[in-house]
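# Commentary on secondary and tertiary structure
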Amino acid sequence: MSDALQLILEDVDGTQLETSCTRFAVMWQGREVWIQQVGNNQLMIGVDVEDGDTEYANLLLRPLATNLVSLELEMEPVEAGDEGHVHGPDCDHDH
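What you are looking at is a predicted structure, and each value in this text was computed from that prediction instead of being measured.

Definitions and limits used
Residues numbered from 1 in each chain as written. Predicted model: local features only at pLDDT ≥ 70, side-chain atom pairs only at ≥ 80, totals over all residues. Heavy atoms only, no water. Helix = DSSP H or I, 4+ residues; strand = E, 2+ residues; numbered from the N terminus. Polar contact = N/O pair within 3.5 Å; in protein donor to acceptor, adjacent residues only side chain to side chain. Contact = heavy atoms within 4.5 Å. Pairing = 2+ DSSP bridges. Axes fitted to C-alpha atoms, helices over the stretch in contact; angles between N-to-C directions. Salt bridge = Lys/Arg side-chain N within 4 Å of Asp/Glu carboxyl O. Buried < 20%, exposed > 50% of the residue type's maximum accessible area, 1.4 Å probe, protein only.

## Details of the side chain of Gln 42
As for its position among the elements, Gln 42 is in strand S5 (residues 42–47). For Gln 42, the side chain forms a polar contact with the side chain of Arg 62, separated by 2.8 Å. Among all residues touching Gln 42, those that are not within four sequence positions of it are Gln 36, Gln 37, Leu 60, Leu 61 and Arg 62.

What follows is the structure in structure tokens.
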């Protein structure tokens, strides 16, 4: 299975651009919201962490039956002593 995501970007005039990537971010309310595919056909959506944050959040989107998905919010504490390391969607730590 490929980790590549197929993206279709559309301008206000309807012009579409197709591309692919392994992950992408959307700027929303001043934060980067990262989206990437993880194992078992799950889509992970995670918000970047800033100084002073005590938790970080990841949303896991899992396909179910036709037209159904499961959405799970995972809140994880920012580990003390991880100086210089920011947890996020690209973090390889097991949750």
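## Notes on the sheet that holds strand S3 (residues 23–28)
Here we have 5 strands laid out as an open sheet, ordered S3-S4-S5-S6-S7, and antiparallel in their pairing. In the strand order of this sheet, the two ends are held by S3 and strand S7 (69–77), each with one partner. Strand after strand, the sheet turns through a mean of 20 degrees between neighbouring axes, direction not considered. Across 6 bridges, S3 lies against strand S4 (residues 31–38) in antiparallel orientation. The residue bridging Val 26 from the neighbouring strand is Val 33, located in S4.

## A look at the pairing of strand S1 (residues 5–10)
Here S1 pairs with strand S2 (residues 16–21) via 6 bridges, running antiparallel. Each residue of the ladder has a partner; that of Leu 5, found in S2, is Cys 21. If you look at the hairpin formed by S1 and S2, you'll find 5 residues sitting between the two strands, and Gly 14 has a positive phi there, around 95 degrees.

## Digging into the pattern of salt bridges
Within the structure shown, the criterion is met by 2 salt bridges. Asp 53 is paired through a salt bridge with Arg 31; the nearest N and O atoms lie 3.0 Å apart. Of this pair, Asp 53 sits in the loop between S5 and strand S6 (55–63) while Arg 31 sits in strand S4; the two residues are 22 residues apart in sequence, bridging distant segments of the chain. Owing to a relative accessible area of 23%, Arg 31 belongs among the partly exposed residues under this scheme. For Arg 62, the salt bridge identified is with Glu 72, shortest N-O distance 2.8 Å.

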